[in-house]
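Residues per chain, in single letters:
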Amino acid sequence: MKKIKLDIVGLSYSQTQSGAYALVLGEVSGRRRLPIIIGSFEAQAIAIEIEKMTPSRPLTHDLFKSFAEAYHIMVQEVIIYNLVDGIFFSKLICSDGKKVMEIDARTSDAIAVAVRFDCPIFTYEFILSSAGIVIEGNDFVYLENITETPEEVTPVSTTAPGFSALSTDELKTKLQEALADESYEKAAKIRDELNRRKAS
């Protein structure tokens, strides 16, 4: 199966889950985006490394890197290899120079490790086809400053918008508006509702 390379193109507060974040991965040679909901700790771990900040003591993912390097193990790549019931499954491809090993990981942890090892992130076509969002034009999402502690995060309403009451045409309009506003998490929910209607 051909692998598709992804880059981190955005990290923002979740619009539907309090204390959670939307990590947006983008297809390197295309216009599709893959929004993934992650926890605040993992979001901070990713943001701190991307912004090259140095915490006073090593975070868990920093410890993992130091431990791996102490035993000459490098993470070569991260693969988001499956999607089941809205949950992404990932693995780390590691090597000590002689043997290649695959280690199962939560996607948020895998991405946090990937940015520390500066290794590529991949997925497969069937995942992008089912969970990706196509972006028109040259819109980008920018990394937000999310280095505050979870106690400082302003809670976000967990009430999901009622898309089931809207017509298909109204949903398509809402989808375009969400994409224009770079609200990828909302766009993903609208896309899921449209896909559900097509399947029924």
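First things first, this report covers the structure right here in the doc. (Residues numbered from 1 in each chain as written. Predicted model: local features only at pLDDT ≥ 70, side-chain atom pairs only at ≥ 80, totals over all residues. Heavy atoms only, no water.)

### A look at the nonpolar core
- In this structure, Leu11, Leu25, Leu34, Ile38, Ile80 and Leu92 are the most contacted members of the largest nonpolar core, which totals 32 residues.
- If you list the elements that add at least two residues to this core, you get strand 1 (3–13), strand 2 (20–27), strand 3 (32–39), helix 1 (40–50), strand 4 (74–84), strand 5 (87–95), helix 3 (107–117) and helix 4 (125–131).
- Sorting elements by how many residues they give to this core places helix 3 first, with six residues.
- When near neighbours in sequence (up to four residues on either side) are disregarded, Leu34 contacts Leu6, Leu23, Val24, Leu25, Ile80, Phe88, Ile127, Leu128, Ala131 and Gly132. (Core = buried A, V, L, I, M, F, W, Y, C linked by side-chain atoms within 4.5 Å. Buried < 20%, exposed > 50% of the residue type's maximum accessible area, 1.4 Å probe, protein only. Helix = DSSP H or I, 4+ residues; strand = E, 2+ residues; numbered from the N terminus. Contact = heavy atoms within 4.5 Å.)

### So, the pairing of strand 3
- Of all eight residues in strand 3, six are buried; the element is thus mostly enclosed.
- Bridging between strand 2 and strand 3 involves seven bridges; their strand directions are antiparallel. Counterpart to Leu23 in the pairing with strand 3 is Ile36.
- The antiparallel hairpin formed by strand 2 and strand 3 contains four residues in its connecting segment. (Pairing = 2+ DSSP bridges.)

### So, the packing of helix 1 against helix 3
- Between helix 1 and helix 3, the shortest axis-to-axis distance is 9 Å and the interhelical angle comes to 15°. Between helix 1 and helix 3, the angle falls in the class roughly parallel. Helix 3 is crossed by helix 1, and the crossing has left-handed handedness. The segment helix 1 lies against helix 3, with Glu42, Ala45, Ile46, Glu49 and Ile50 engaging Ser108, Asp109, Ile111, Ala112, Val115 and Arg116. (Axes fitted to C-alpha atoms, helices over the stretch in contact; angles between N-to-C directions. Parallel < 35°, antiparallel > 145°, perpendicular 65-115°, else oblique. Left-handed = near helix turned anticlockwise from the far one by under 90°.)

### Topic: the side chain of Thr123
- Tracing the backbone through its elements, the reader meets Thr123 in strand 7 (residues 121–124).
- Polar contacts involving the side chain of Thr123 include one to the main-chain carbonyl oxygen of Ile80, which spans 2.9 Å.
- Excluding anything up to four places from it in sequence, Thr123 contacts Lys2, Lys3, Ile4, Leu6, Ile80 and Leu128. (Polar contact = N/O pair within 3.5 Å; in protein donor to acceptor, adjacent residues only side chain to side chain.)

### Remarks on the pairing of strand 1
- For strand 1 and strand 7, the ladder comprises four bridges, and the chain directions are antiparallel. Across the sheet, the residue bridging to Ile4 is Thr123, located in strand 7.
- Where strand 1 meets strand 2, seven bridges bridge the pair, whose relative direction is antiparallel. For Ile8, the partnering residue across the bridge sits in strand 2 and is Leu25.

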